[in-house]
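Read off the chains here:
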Amino acid sequence: MDKLSAAQVKYLRDRDFHRKKVILCRAALLLLILAAWEGAARTGLINSFIFSSPVRIAVTAWEMALDGSLWLHLGVTLAETLLSFLAVTFFGLLIAILLWLFPSAAEVMEPYLVMLNSLPKSALAPLLIVWLGNNVKTVIVAAVSVAVFGSVITLHTGFREIDSDKIKLIYSLGGSKKDVMFKVIVPGSVPMLVSNMKVNVGLCLVGVIIGEFLSAKAGLGYLIIYASQTFKMDWMLMSIVILCLMSTLLYQGIHMLEKKYDR
């Protein structure tokens, strides 16, 4: 292995130092926010009953973890999010492929996809309850509806922007449209697909919470609604904090997959 030059060593050292500095600043900012929140609650600057506090949220989470109720709600929301995410990824890719294979159908469907993507999905949730009932199926369908139309539009647009010279090369070598799709379009779109998955996993979590608000007997969304109705603000804020952590972990999971693919 070639020995690194002094300039390269300095660059790597500076980059590593910058990365550690950013992580340290993020941690310090979080601690500062938590300390200010706790201090304001203890000194009476804010109403601790309405705004709770980090310590009260931690105690509530610990108590619910011990009695098992926290794991029930967390597990339900996580399972629904993962199922809806897998469905969005599969159907989004499948529909985008079909639209690329049949350009006339894509031209016909384009305004409808744009319309459905722009439609506030919370407006569909009550209708889904009537159609599907008050069950987990409604929650998953609501979550899928939040992300799938945008995913189809993004993927189909990416497919059409693939280098045309590569497509011409496949045709010149006697390849078919199927060869172009699975040897040029799909492999060339993997980075875009992974990037789209990073967006979709968050949208699926949003859709799950919308569904749980209206049609659920368990889950963090259900817990938030129940807490708001019974004025258990510690439960509500604990659920929101857990949702923030969950969304971050899911995003980082896709990000790790992206880094593995890049390597």
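Preceding this section is the structure that the text describes.
Model, not experiment: these values are computed from the prediction. (Residues numbered from 1 in each chain as written. Predicted model: local features only at pLDDT ≥ 70, side-chain atom pairs only at ≥ 80, totals over all residues. Heavy atoms only, no water.)

Our next topic: the pattern of salt bridges. Enumeration according to the criterion identifies five salt bridges in this entry. With a shortest N-O distance of 2.7 Å, Arg42 and Glu38 are connected by a salt bridge. In this pair, Arg42 and Glu38 both sit in helix H1 (residues 6-43), four residues apart, roughly one turn of the helix. Residue class for Arg42 comes out exposed when judged on its relative accessible area of 63%. Judged by relative accessible area, Glu38 falls into the buried class, the value being 12%. Residues joined by salt bridges that share partners form a network here, namely Asp16, Arg19 and Lys20. (Salt bridge = Lys/Arg side-chain N within 4 Å of Asp/Glu carboxyl O. Helix = DSSP H or I, 4+ residues; strand = E, 2+ residues; numbered from the N terminus. Buried < 20%, exposed > 50% of the residue type's maximum accessible area, 1.4 Å probe, protein only.)

This paragraph deals with the environment of Lys137. Mapped onto the elements, Lys137 comes out in helix H7 (residues 136-160). Overall, the relative accessible area of 52% leaves Lys137 in the exposed class. For the pair Lys137 and Ser215, spaced 78 residues apart in the sequence, the C-alpha separation amounts to 9.4 Å.

What follows concerns unusual backbone geometry. A positive phi angle is found at Ser52, which is not glycine, with a value near 55°. Relative to the helices and strands, Ser52 resides in the loop between helix H2 (48-51) and helix H3 (54-67). Overall, Ser52 belongs to the buried group, its relative accessible area being 0%. Positioned with a positive phi, Phe231 is a non-glycine residue whose angle comes to about 60°. Inspection of the secondary structure puts Phe231 in the loop between helix H11 (220-230) and helix H12 (233-262).

Once that is clear, we can look at the packing of helix H4 (residues 69-101) against helix H9 (residues 177-188). Interhelical geometry of H4 versus H9 gives an angle of 130° and a closest axis separation of 11 Å. When the axes of H4 and H9 are compared, the pair comes out oblique. The handedness of the crossing between H4 and H9 comes out as right-handed. Contacts from Ile97, Trp100 and Leu101 of H4 reach H9 at Lys177, Val180, Met181, Ile185 and Val186. Grouping the constituent residues of the contact of H4 with H9 by class yields seven nonpolar, no polar and one charged. (Axes fitted to C-alpha atoms, helices over the stretch in contact; angles between N-to-C directions. Parallel < 35°, antiparallel > 145°, perpendicular 65-115°, else oblique. Left-handed = near helix turned anticlockwise from the far one by under 90°. Contact = heavy atoms within 4.5 Å. Nonpolar A, V, L, I, M, F, W, Y, C, P; charged D, E, K, R; others polar.)

Right, let's talk about a nonpolar patch on the surface for a bit. A cluster of nonpolar side chains, contributed by Phe90, Phe91, Leu94, Ile95, Leu98 and Phe102, occupies part of the molecular surface with about 560 Å² of accessible area. Note on placement: Leu98 falls in helix H4. What makes Leu98 partly exposed here is its relative accessible area of 40%. (Patch = residues over 30% accessible without salt bridge, like charges linked within 9 Å, V, L, I, M, F, W, Y side chains within 5 Å. Areas by Shrake-Rupley, 256 points an atom, 1.4 Å probe, with all protein chains shown as cover.)

Scanning the model with the defined rule gives three aromatic pairs in all. With a centroid separation of 5.1 Å and an interplanar angle of 75°, the aromatic rings of Phe90 and Phe91 are classed as edge-to-face. Considering the side-chain rings of Tyr222 and Tyr226, the 6.3 Å spacing of their centres and the 20° angle between planes classify their relative orientation as stacked. Placement of both Tyr222 and Tyr226 in helix H11 is noted, with a separation of four residues, approximately one turn of the helix. An aromatic cluster is present here, built from Tyr222, Tyr226 and Trp235 joined pairwise through their rings. (Phe/Tyr/Trp six-rings, centres within 6.5 Å; stacked < 30°, edge-to-face > 60°.)

Here we take up the side chain of Lys198. For Lys198, the location among the structural elements is in helix H10 (residues 190-214). Aside from chain neighbours lying at most four places away, what touches Lys198 is Tyr251, Ile254, His255 and Glu258.

Since the α-helix advances by 3.6 residues per turn, residues separated by three or four positions end up pointing in the same direction. Here H7 spans 36 Å end to end across 25 residues, near enough to the 36 Å set by a 1.5 Å rise per residue. With 18 of its 25 residues buried, H7 lies for the most part within the structure. Looking at where H7 begins, the residue whose side-chain oxygen comes 3.1 Å from the main-chain nitrogen of Lys137 is Asn135. (Expected span 1.5 Å × (residues − 1). Polar contact = N/O pair within 3.5 Å; in protein donor to acceptor, adjacent residues only side chain to side chain.)

This part is about the packing of H4 against helix H5 (residues 103-118). Interhelical geometry of H4 versus H5 gives an angle of 130° and a closest axis separation of 6 Å. Taken together, H4 and H5 sit at an angle that is classed as oblique. Together, Leu99, Trp100 and Leu101 of H4 and Pro103, Ala105, Ala106, Met109 and Leu113 of H5 make up the contact between the two elements. Counted by class, the contact of H4 with H5 contains eight nonpolar, no polar and no charged residues.

Of all hydrophobic cores here, the largest spans 48 residues; its most connected members are Phe159, Ile185 and Met238. Here the element with the most residues in this core is H12; it accounts for nine residues. Not counting chain neighbours up to four residues away, the residues in contact with Ile185 comprise Trp100, Phe159, Ile162, Ile167 and Val180. (Core = buried A, V, L, I, M, F, W, Y, C linked by side-chain atoms within 4.5 Å.)

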